[in-house]
Amino acid sequence: MFHYSNQDLYCENVPLADIARQAGTPAYVYSSAIILENYRAYDEALGALPHTVCYAVKANSSLGILALLAKAGAGFDIVSGGELYRVMRAGGDPAKVVFSGVGKTAGEVDYALESGIHMFNCESEPELALIDALAARRGVKAGFAIRVNPDVDASTHPYISTGLREHKFGIDIADAEAVYERARDLPNLTAEGVSCHIGSQLMDTNPILEATERVLALVERLRAKGFAIGQIDLGGGLGVAYQAHEQAPEIRGFVAQVRARLEGRGLRVTIEPGRSIVGRAGVLLTRVLYRKKSAEKEFVVVDAAMNDLIRPSLYRSHHEIIPLRKTGRPEIVADVVGPVCETGDFLARGRNMANAAPGDYLAVETAGAYGFVQSSNYNSRPRAPEILVEGDTFRTIRARETYADLVRGEVK
Ligand code: LLP
């Protein structure tokens, strides 16, 4: 959906330079068609198997994106009260919301109970006790799944790998049965499912399939003990290609493998994909401010910085950077850096790239997931606008912040 026509880069049918000129830069631009295509790939591949695709809100929580997915029938995986608020504001169905996270507060749990969410994915016994107590106060029964830690190695970046015994997430699968047993004493809880999530940006799906097998075995053991486990939540984690040569798992093929394991077991399946739905649907547009050369290096100074997209600085992640207009000029090798006062402020290092001149626009690719949501006002930089492209048209789904926004809520 992002493609060159003649020399110009388009998102769907809109030249990105038109958006850059109208909205200014830096700016995030998303393709609604890519988002819907990815969502439908999950939904259709799960087919007749009872399922809910709960989009992981943390990947991109813009109301416009959530509304798009809600209309398409998606459920949502949330990790905070704020995310629940966004889902409700976007018109999402609370009955299709699962609440994950290792540190849910009483206020957040109560808000979720009040909203009538589908299920809590619980990560500790004190959390189960808290949900039970708050459900009692409201006179309701809360459905829960225990997020188990299946102890499989997701082989991804250490900051986003979550399924090993040493990680803070979930309850060791070996201890899970005992925890379900003890939870029988909590009268306002119903054990409905088992959940897991082993990490993010997984380029190999075998660890997820291995985790699925382990969770299924646990489901059978629990059923043998009389628990009416009817649901399994496999989390998210499917990776996307950040570099041209990378081969990301294909959604439909992956889901077919999951489905083959779940067919005929009387289970409703939930999955929580984030990155694989929105990652490749977004770019960050930026403009070249200056070119600068030192004895050692060539720098392309752009108007987007680590506050706009922190992934390169935080995870050393690679995002392709391509020009909005191709020129015939030979490529250069350069560091692409922003205006923030830190050496760690870079979008790319030692990159073979277009010979971009001051005033030229560039697109930082695969920025739809964990891009805007991880942006900040560091260096008192107003956050970028977010723009949604729909076919021939585009609209602003989040306005560029103003200087007044920067000090909102502050007093002197
Ligand atoms: N479910 C749970 C419980 C999660 O913790 C996550 C992501 C997801 C689902 C969605 O995973 P996905 O399908 O997007 O891989 N900021 C990092 C990524 C952090 C992921 C955290 N958990 C990054 O920029 O790469």
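Residues numbered from 1 in each chain as written. Predicted model: local features only at pLDDT ≥ 70, side-chain atom pairs only at ≥ 80, totals over all residues. Heavy atoms only, no water.

Notes on the overall build of the protein
Moving on, step 1. Within the protein one finds 12 helices and 21 strands.
Moving on, step 2. Scaling as 2.2 N^0.38, a compact globule of 412 residues should have a C-alpha radius of gyration of about 22 Å, and the protein matches this with 23 Å.
Moving on, step 3. Projected onto the principal axes, the alpha-carbon positions of the protein cover approximately 70 × 55 × 40 Å.
Moving on, step 4. In the protein, buried positions account for 55% of the 412 residues.
Moving on, step 5. Averaged over its 46 positive side-chain charges, the protein has a centre that lies 3 Å from the centre of its 51 negative ones. (Helix = DSSP H or I, 4+ residues; strand = E, 2+ residues; numbered from the N terminus. Rg over C-alpha atoms; globule rule 2.2 N^0.38 Å. Buried < 20%, exposed > 50% of the residue type's maximum accessible area, 1.4 Å probe, protein only. Lys, Arg positive; Asp, Glu negative; His and termini not counted. Charge placed at Lys NZ, Arg CZ, Asp CG, Glu CD.)

Observations regarding the side chain of K104
Moving on, step 1. Residue position: K104 is located in the loop between strand 7 (97-99) and helix 5 (106-115).
Moving on, step 2. At 2.8 Å, the side chain of K104 and the backbone oxygen of G101 are in polar contact.
Moving on, step 3. Excluding residues that lie within four positions of it along the chain, K104 makes contacts with F99, V109, F120, N121, C122, E127 and L130. (Polar contact = N/O pair within 3.5 Å; in protein donor to acceptor, adjacent residues only side chain to side chain. Contact = heavy atoms within 4.5 Å.)

Quick notes on the domain arrangement of the protein
Moving on, step 1. Taken domain by domain, the protein holds domain 1 (2-29 + 279-406) and domain 2 (101-271).
Moving on, step 2. The straight-line distance from the C-alpha centre of domain 1 to that of domain 2 is 36 Å.
Moving on, step 3. Each partner contributes residues to the interface: domain 1 has nine residues there, and domain 2 has nine residues.
Moving on, step 4. Here domain 1 and domain 2 share an interface that buries about 820 Å² over both sides, 58% of which is from carbon and sulfur atoms.
Moving on, step 5. The interface formed by domain 1 and domain 2 holds one residue pair in polar contact (both at pLDDT 80 or more) in total.
Moving on, step 6. Broken down by class, the residue content of the side of domain 1 that touches domain 2 amounts to three nonpolar, three polar and three charged. (Domains from an automatic or database assignment. Buried area = accessible area lost by both parts, 1.4 Å probe. Nonpolar A, V, L, I, M, F, W, Y, C, P; charged D, E, K, R; others polar.)

Some thoughts on the site of the ligand
Moving on, step 1. For the ligand, the set of nearby residues contains 19 residues, the closest of which are S200, E272, R311, Y315 and Y370.
Moving on, step 2. Here a nitrogen atom of the ligand and a side-chain polar atom of E272 are 2.6 Å apart.
Moving on, step 3. Here an oxygen atom of the ligand sits 2.6 Å away from a polar atom, N or O, in the side chain of Y370.
Moving on, step 4. Relative to its unbound accessible surface of 590 Å², the ligand loses 91% to contact with the protein.
Moving on, step 5. Looking at the shell around the ligand, its residues break down into five nonpolar, eight polar and six charged.
Moving on, step 6. When we break the shell around the ligand down by domain, the ones giving at least three residues each are domain 1 (2-29 + 279-406) and domain 2 (101-271). (Near = heavy atom within 4 Å. Areas by Shrake-Rupley, 256 points an atom, 1.4 Å probe, with all protein chains shown as cover.)

With respect to the environment of K58
Moving on, step 1. Position of K58 relative to the elements: it lies in the loop between strand 5 (51-56) and helix 3 (63-71).
Moving on, step 2. Residue K58 is classed as partly exposed on the basis of its relative accessible area of 32%.
Moving on, step 3. K58 sits 20 residues away from I78 along the chain, and the two C-alpha atoms are 7.2 Å apart.
Moving on, step 4. Contact partners of K58, with chain neighbours within four places excluded, come to D77, V79, E83, Y370 and V373.

Thoughts on the pairing of strand 20 (residues 386-390)
Moving on, step 1. Among the five residues that make up strand 20, four are buried, leaving the element largely enclosed by the rest of the structure.
Moving on, step 2. The sheet contact formed by strand 4 (residues 27-31) and strand 20 spans four bridges and is parallel. Within strand 20, the residue paired with Y28 across the bridge is E386.
Moving on, step 3. Bridge count for strand 20 against strand 21 (residues 393-398) is five bridges, and the pairing is antiparallel. Its bridge partner being in strand 21, I387 is matched across the sheet by T396. (Pairing = 2+ DSSP bridges.)

Quick look at the packing of aromatic side chains
Moving on, step 1. With the rule as written, the count across this model stands at six aromatic pairs.
Moving on, step 2. Ring plane angle 25 degrees and centroid distance 5.9 Å describe the contact between F144 and Y180, whose orientation is recorded as stacked. You can see F144 sitting in strand 9 (residues 142-149) and its partner Y180 sitting in helix 7 (residues 173-183), a full 36 residues away along the chain. The pair F144 / Y180 is uniform in exposure class, with both members buried.
Moving on, step 3. By the ring-pair criterion, three or more aromatic residues cluster together here, those being Y28, Y30 and F372.
Moving on, step 4. Positioned above the aromatic ring of F99 is the side chain of K104, whose terminal nitrogen or guanidinium carbon lies 5.5 Å from the ring centre. (Phe/Tyr/Trp six-rings, centres within 6.5 Å; stacked < 30°, edge-to-face > 60°. Lys NZ or Arg CZ within 6 Å of the ring centre and 35° of its normal.)

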